[in-house]
Amino acid sequence: MEASNALVDAVRSYWRVRLVQGDRQGSNGDKDSGERRSVTGGQHVDAFIDLICQHLSDAGVPESCIHRGGAMELPGYYRPEKKWDLLVIRDSALACAVELESQAGPSFGNNFNNRVEEAVGNAQDLWTAFREGRLGTTRAPWLGYLFLLEDCDGSSSPVKVSEPHFAVDPVFVGASYKQRYELLCRRLVLERLYSGACFMTSTRDPENPTVTQPDPDLSFQRFIDQLTGYVKCSI
């Protein structure tokens, strides 16, 4: 599915920020190393947050209800709180929470399981806190998950599975990390852990990235349509 100019601009900003942060921390002698340098500085997904906020505003959501940046913690059930990337709150009630994640090479294998555990755990924690009345509303909030993956040989090549005792789900056999992440996003929605998910890939190019959205059901536009449609009814 073709990406809009605004979405491509957001991806372009993502790569530029990663490049700048990686260079800055490296020149400062920071102990962070490798690709981690370019994400621990934060702000790499700010352009996506800007774009989502613009869509919310265009849909008529008051700016006073849209929260980003500081003070983004929501109470949990298994932990005191967790910081989300974007919140919509009206009359002290949570209408929406969005998590934005990304991964670039080369360490795809080192991070995939961590991303899965975080996505599942964060959702379970929030929904249990909602059940316990911690989020100030009786209507379920809209929970969103957006993931950007670098499109390269490392993410596109088949990955071996280990089956020392039992067979894995056949859908994972011979699947690349790109296919695994797409499946993750699809199943997060299928199992109702998230209300909506977006999955996209991009070449590592801060000037002219190639952005791909493999599954129309996980496209950015569908993500936005679902988000704004739900939030408008909650505001």
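Residues numbered from 1 in each chain as written. Predicted model: local features only at pLDDT ≥ 70, side-chain atom pairs only at ≥ 80, totals over all residues. Heavy atoms only, no water.

Caption draft 1: Here's a closer look at helix α4 (residues 108-131). For α4, which comprises 24 residues, the first-to-last C-alpha distance of 35 Å matches the rise-based estimate of 34 Å (1.5 Å per residue) to within 8%. Within α4, the full set of buried residues consists of F108, F112, R115, A119, N122, A123, D125, L126, W127, T128, A129 and F130. Those residues of α4 that are buried are in contact with β2 (73-75), β3 (81-83), β5 (93-103), β6 (142-150), α5 (153-156) and α6 (177-190). One or two residues past the end of α4 sits G133, with phi positive at roughly 75 degrees. (Helix = DSSP H or I, 4+ residues; strand = E, 2+ residues; numbered from the N terminus. Expected span 1.5 Å × (residues − 1). Buried < 20%, exposed > 50% of the residue type's maximum accessible area, 1.4 Å probe, protein only. Contact = heavy atoms within 4.5 Å.)

Caption draft 2: Looking closely at the pattern of salt bridges. In the structure shown here, the tally under the stated rule is 15 salt bridges. Across the pair R79 and D125 runs a salt bridge whose closest N-O atoms are separated by 2.8 Å. On the criterion of sequence distance, the pair formed by R79 in the loop between β2 and β3 and D125 in helix α4 is long-range, its members being 46 residues apart. Taking relative accessible area as the criterion, D125 reaches 4% and is therefore assigned buried. With a closest N to O distance of 3.8 Å, D91 and R90 form a salt bridge. Relative accessible area serves as the criterion here: at 66%, D91 is assigned to the exposed category. Classification of R90 by relative accessible area gives partly exposed; the value is 32%. (Salt bridge = Lys/Arg side-chain N within 4 Å of Asp/Glu carboxyl O.)

Caption draft 3: Quick peek at the confidence of the model for the chain. When pLDDT is averaged along the chain, the result is 91, and 91% of the positions lie at 70 or above. For the stretch residues 31-41, pLDDT sits under 50, and the model shows 23 contacts to residues farther than four places along the chain or on other chains. (pLDDT = per-residue confidence, 0-100.)

Caption draft 4: Main features of the nonpolar core. F48, I52, M200 and F220 are the most contacted members of the largest nonpolar core, which totals 36 residues. Going through the elements one at a time, α1 (5-27), α3 (46-58), β4 (86-90), β5, β6, β7 (196-202) and α7 (220-234) are the ones with two or more residues in this core. A per-element tally of this core places α3 first, with 7 residues. Not counting residues within four places of it along the chain, the set of residues in contact with M200 comprises L7, V11, F48, L146, F147, L148, L149, V211, T212, Q213 and F220. Counting residues in each nonpolar core, the second largest holds 29 residues, with A123, W127, L149 and L188 among its members. (Core = buried A, V, L, I, M, F, W, Y, C linked by side-chain atoms within 4.5 Å.)

Caption draft 5: Structural view of the packing of α4 against α6. Interhelical geometry of α4 versus α6 gives an angle of 0 degrees and a closest axis separation of 11 Å. When the axis of α4 is compared with that of α6, the two are roughly parallel. Residue-level inspection shows F108, G109, N111, F112, R115, V116, A119 and V120 of α4 in contact with α6, the latter providing Y177, R180, Y181, L184 and L188. For the contact of α4 with α6, the residue count by class is 9 nonpolar, 2 polar and 2 charged. (Axes fitted to C-alpha atoms, helices over the stretch in contact; angles between N-to-C directions. Parallel < 35°, antiparallel > 145°, perpendicular 65-115°, else oblique. Nonpolar A, V, L, I, M, F, W, Y, C, P; charged D, E, K, R; others polar.)

Caption draft 6: α3, seen in detail. An ideal rise of 1.5 Å per residue puts 18 Å on 13 residues; α3 measures up with 18 Å between its terminal C-alpha atoms. Within α3, burial applies to A47, F48, I49, L51, I52, C53 and L56. Positive phi appears at G60, one or two residues downstream of α3, with a value of about 95 degrees.

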